[in-house]
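# Coordinates in review
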Amino acid sequence: MNGRLNERDPADLRRPFRYVLWAVLLAFSLLAVRLAYMQIVRGEEYRERSESNSVRLRKIKPYRGLILDGDRNVLVDNKSSFDLVYIPPRVMDIGPVIEKVRRLYEERGLKIANENPPSGKTRAFVPVCIERDISLAKVAVIEGHALDLPGLIVEVSPSRDYPEGEVMAHLLGYTGEISKEELEQAEGDHFGPGDIVGKDGVEKYLEPYLGGRSGMEQVEVNAAGRVVRSLGRVEPVSGYNVQLTVKRRIQRAAWEGLNGRPGAVVAMDPRDGSILALVSSPSFDPNLFRGGISAGDWVKLSRNPLAPLENRVVSGQYPPGSTYKLIVAAAALQEGILKDDTRFFCRGALEMGNRQFRCWNRGGHGWVNLHRAIVESCDVFFYQVGRLLGEERLARYARQFGLGDFTGIDLPREKKGLIPTAVWKEKRFKRPWHTGETLLTSIGQGYTLTTPLQLAVAYGALANGGTLWRPRLIRQIETADGRVIKAFPPERRGVVPIGEEHLRRLRKALWGVVNEGGGTGGAARRPQGDVAGKTGTSQVVGETPGGRKRGKRYEDHALFVGFAPFRDPEIVVAVVVEHGGHGGGAAAPVAKKVIDAYFEDKAGEGGRL
């Protein structure tokens, strides 16, 4: 065997091996040269080629659900919006891009609506919205300079449209881009950066139903960020539609009734708690928030001393004034303090110790019974009644009428108001309660605070025989073809502990306030004689020694709460006109206008608006 191995000379094997080795080395050399050429000489070209055909996921925003009134008129709609979006090809600073857009805008007399556009580092291929709802003029600028603005594209997305503007703002709310805090609090993966969500009103309260669900599309884009082709798509799901209980005609009447004056109006059906109108003034245009409110507009709204962003119906807390006297009267009747023949003498003031508690009628009302005391709003009569009841019973009955507590309406940021007691004062001020404070409480002054909505609920119970309803703003949630997903039926909160005979007596007195001679609410009278109600004048500050106020902003608030028709009530209206003076002169005419609109709407005229 060894002989066979030695038959060939090893030198004969070295030559073919050398050829193979040189061939391998040549191949690797050529490969190395080719790699160097591709990476060094043409590296930038190939990198751009790879980036010019990148695949990314694009979120497709859904249409939010429509919001309809009780007659199915559209209160909130959708429209197409042009959004300026930047898709960075790599991690980079967005600042120079913003400046380039700003310069192009300024050359044509335009400006970026958002004074604080996005800044800082961006992630590769993660879209950044620079400006929402841009004008056609801006679209023309961007498209005309497309080659000079790689990565900038104009996307069409759905946007909210509020045709009623200021009239419905506090009721409907508005939308905006989800904040970092909202994103952190959101459950699951339903929301993401850049999503549009409800920020206030019904838009916020019903976000889970109105918002819909985003779709996704896998697309191939070129170096300019423009779509080359679609690789797959999951369609977005539109939000559900919502039908409210409010009526557009009645809402407009309430708005026109206030006529720009600060205040609140709420109308409710006392038979089931349905809200028919809800107006807070001054207001704001929710369309301002559609593309992201500008810093200038936000400063105007947020720093306005009249607080146009506040919903006074649910969060405005006012002394109820003489509208509170009906709660006092109901408590006194139920407790047996007031009899059929009970009378008190009013000479214009009641003395207690070294202090005088005045009646609004400085000349006095003379001898008055309960009926005349309500009709003419005699303060001295109710001072006497309040003293006999005491602060604890006053507070207990007020709470049973729903005052000093949340009503449960389908809106955010509702406030409770305040029904004071001796225990509350001791805890709050570390001072004891005085009888004089009971007297002030009995005419709706002192520490007592209520919201307009609470007054509507309480008078709704007086009107309907004692039932307290949870105010119902939403009737149902439905699909686009009208299939009901969720209904919101009337909800009873309780029954006030007042006998029916006592309630009938109080309703008769409320009718007298509007329709009898000497009644303080004559400005709410209709030819049909079907309105009942109570005026109120809520003192903002005490009088100067000369009996004068210190200026318009210290004038009393004007209130009126009433219902109609008297014998079978269908609508209750609460009105507050801030610094309006007397309730009979400023607030009662507003209530009449709203009640007139209700019966016109009922007659079928509302459908032709």
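Summarised in this report is the structure supplied together with it.

Calculation rules
Residues numbered from 1 in each chain as written. Predicted model: local features only at pLDDT ≥ 70, side-chain atom pairs only at ≥ 80, totals over all residues. Heavy atoms only, no water. Helix = DSSP H or I, 4+ residues; strand = E, 2+ residues; numbered from the N terminus. Buried < 20%, exposed > 50% of the residue type's maximum accessible area, 1.4 Å probe, protein only. Salt bridge = Lys/Arg side-chain N within 4 Å of Asp/Glu carboxyl O. Patch = residues over 30% accessible without salt bridge, like charges linked within 9 Å, V, L, I, M, F, W, Y side chains within 5 Å. Areas by Shrake-Rupley, 256 points an atom, 1.4 Å probe, with all protein chains shown as cover. Pairing = 2+ DSSP bridges. Axes fitted to C-alpha atoms, helices over the stretch in contact; angles between N-to-C directions. Contact = heavy atoms within 4.5 Å. Phe/Tyr/Trp six-rings, centres within 6.5 Å; stacked < 30°, edge-to-face > 60°.

With respect to the secondary-structure elements, Asn241 resides in strand 12 (residues 241-244). For Asn241, a relative accessible area of 10% gives the class buried.

To continue, consider the pattern of salt bridges. If you walk through the whole model with that rule in mind, you get 37 salt bridges. Across the pair Glu203 and Arg64 runs a salt bridge whose closest N-O atoms are separated by 2.9 Å. Placement of the pair is Glu203 in helix 8 (residues 201-205) and Arg64 in the loop between strand 1 (54-60) and strand 2 (67-68), with a sequence separation of 139 residues. Comparing Glu203 with Arg64, the two get one shared label, buried.

Next up on the list: a nonpolar patch on the surface. There is a patch of nonpolar side chains on the surface, built from Val24, Phe28, Leu31 and Leu35 and spanning about 380 Å² of accessible area. Inspection of the secondary structure puts Leu31 in helix 2 (residues 11-41).

One key point about sheets: their strands pair by backbone hydrogen bonds, in either a parallel or an antiparallel sense. Strand order across the open sheet formed by five strands is 14-13-25-24-23, with antiparallel pairing between neighbours. Sheet topology places strand 14 (275-281) and strand 23 (532-538) at the edges, where each strand pairs with a single neighbour. Put simply, the sheet's adjacent strands are angled 5° from each other on average, direction ignored. Here strand 13 (residues 263-268) runs beside strand 25 (residues 571-577); their pairing, made up of six bridges, is antiparallel. Note on strand 25: the bridge partner recorded for Ala267 is Val573. Most of the contacts of helix 20 (residues 500-515) go to strand 23, to which it runs at about 70°, and overall it touches strand 23 and strand 24 (557-564). Across the sheet, helix 22 (residues 588-602) touches strand 13, strand 14, strand 24 and strand 25, and the angle it forms with strand 25 is around 150°.

A separate point is the side chain of Asn73. Inspection of the secondary structure puts Asn73 in the loop between strand 2 and strand 3 (74-86). By relative accessible area, which is 16% here, Asn73 ends up buried. Excluding its chain neighbours within four sequence positions, the residues that come into contact with Asn73 are Ile67, Leu68 and Arg248.

Further remarks concern the packing of aromatic side chains. Counted under the stated rule, the structure contains 14 aromatic pairs. Here Tyr174 and Phe289 contribute two aromatic rings whose centre-to-centre distance is 3.8 Å and whose plane-to-plane angle is 20°, an arrangement assigned as stacked. A residue pair is termed long-range when its members are at least 10 positions apart, and Tyr174 in the loop between helix 6 (169-172) and strand 8 (175-177) and Phe289 in the loop between strand 14 and helix 11 (295-302) qualify at 115 residues. Seen from their ring centres, Phe381 and Phe382 are 5.3 Å apart, and the 70° between their planes marks the pair as edge-to-face. Judged by its relative accessible area of 0%, Phe382 is buried. Connected via pairs of aromatic rings, a cluster forms that spans Tyr174, Phe284, Phe289 and Trp298.

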